[in-house]
Amino acid sequence: MKLIKAHIENFGKISDETFEFNSSLNEFYKENGWGKSTLASFIKVMLFGFDNERARDELSNERKRYKPWQGGTYGGSLEIETKGKKYIISRNFGSKDKEDEFVLRDADTMLLSNDFT
């Protein structure tokens, strides 16, 4: 799988940011507190969902930990390429997993895809 682009609407401290990835090494050399770990968590959550949702403390419960600091839409999109095909994953997160929205589109046609769930 290859990462192409990530757009974070709101996730933790990151708001309305787009990151484009090249096919070689992508380096994020930023100061502490910039959001490097938040970006990495966003990519993981977009692909696999949140971990430890039943945990009560905010450090263990990812859904609570990355709830947007500034409010607004919680989520974003991730463009990937796998097996020679490009996809756009869009997710908006609610307070509970039942409230989450997941959409997968073929990046070339923008049609809905059922290739992954």
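Provided above is the structure to which this section pertains.
Just so it is clear, the structure is predicted and the values come from calculations on it, not from any experiment.

In terms of regular secondary structure, the protein is built from two helices and five strands. Taken from the N to the C terminus, the helices and strands of the protein come in the order β-β-α-α-β-β-β. Rg of the C-alpha trace for the protein: 14 Å, near the compact-globule value of 13 Å for 117 residues, within the 12% margin. Taken over the C-alpha atoms alone, the protein extends approximately 40 × 35 × 25 Å along its principal axes. Scored against the burial criterion, the 117 residues of the protein give a buried share of 36%. Accessible surface for the protein amounts to roughly 7,900 Å². Of this, 46% is attributable to carbon and sulfur atoms. Looking at the protein, you have 19 positive and 20 negative side-chain charges, and the mean spots of the two groups are 4 Å apart.

A few words now on the side chain of Glu-79. Note on placement: Glu-79 falls in strand S3 (residues 75–82). Here Glu-79 is buried and forms no salt bridge, its nearest opposite-charge partner Lys-5 lying at an N-O distance of 4.4 Å. Discounting chain neighbours no more than four positions away, the residues touching Glu-79 are Lys-2, Leu-3, Ile-4, Lys-5, Lys-86, Tyr-87, Ile-88 and Ala-107.

The nonpolar side chains of soluble globular proteins are, as a tendency, buried together. Counting residues in hydrophobic clusters, the biggest one holds 20 residues, and the most contacted among them are Ile-8, Phe-11, Phe-42 and Phe-93. Residue assignment for this core shows that the elements contributing at least two residues are strand S1 (2–11), strand S2 (14–20), helix H1 (36–48), S3 and strand S4 (85–92). Those residues in contact with Phe-11, other than ones at most four positions away along the chain, are Thr-38, Ser-41, Phe-42, Val-45, Phe-50, Tyr-66, Pro-68, Tyr-74 and Phe-93.

This paragraph deals with the pattern of salt bridges. For the structure on display, the rule yields five salt bridges. Put simply, Lys-44 and Glu-62 hold a salt bridge, and the shortest N to O gap is 3.1 Å. Within this pair, whereas Lys-44 is found in helix H1, its partner Glu-62 is found in helix H2 (residues 62–65), the two being separated by 18 residues in sequence. Across the pair Lys-85 and Asp-115 runs a salt bridge whose closest N-O atoms are separated by 3.4 Å. Taken together, the residues span a long stretch of sequence, with Lys-85 in strand S4 and Asp-115 in the segment after strand S5 (101–106) at a distance of 30 residues. Owing to a relative accessible area of 32%, Lys-85 belongs among the partly exposed residues under this scheme. Overall, Asp-115 belongs to the partly exposed group, its relative accessible area being 42%. One salt-bridge network, held together by shared partners, links Lys-44, Asp-51 and Glu-62.

Judged by pairing direction, the sheet is antiparallel, and its five strands sit side by side in the order S2-S1-S3-S4-S5 without closing on themselves. Two strands lie at the open edges of the sheet, namely S2 and S5, each paired on one side alone. When strand polarity is set aside, the average angle formed by the axes of neighbouring strands in this sheet is 15 degrees. Both S1 and S2 contribute to a ladder of six bridges, which runs antiparallel. Its bridge partner being in S2, Phe-11 is matched across the sheet by Ile-14. Where H1 meets the sheet, its contacts fall on S1, S2, S3 and S4, and the angle it forms with S1 comes to roughly 105 degrees.

The rules we used
Residues numbered from 1 in each chain as written. Predicted model: local features only at pLDDT ≥ 70, side-chain atom pairs only at ≥ 80, totals over all residues. Heavy atoms only, no water. Helix = DSSP H or I, 4+ residues; strand = E, 2+ residues; numbered from the N terminus. Rg over C-alpha atoms; globule rule 2.2 N^0.38 Å. Buried < 20%, exposed > 50% of the residue type's maximum accessible area, 1.4 Å probe, protein only. Areas by Shrake-Rupley, 256 points an atom, 1.4 Å probe, with all protein chains shown as cover. Lys, Arg positive; Asp, Glu negative; His and termini not counted. Charge placed at Lys NZ, Arg CZ, Asp CG, Glu CD. Salt bridge = Lys/Arg side-chain N within 4 Å of Asp/Glu carboxyl O. Contact = heavy atoms within 4.5 Å. Core = buried A, V, L, I, M, F, W, Y, C linked by side-chain atoms within 4.5 Å. Pairing = 2+ DSSP bridges. Axes fitted to C-alpha atoms, helices over the stretch in contact; angles between N-to-C directions.

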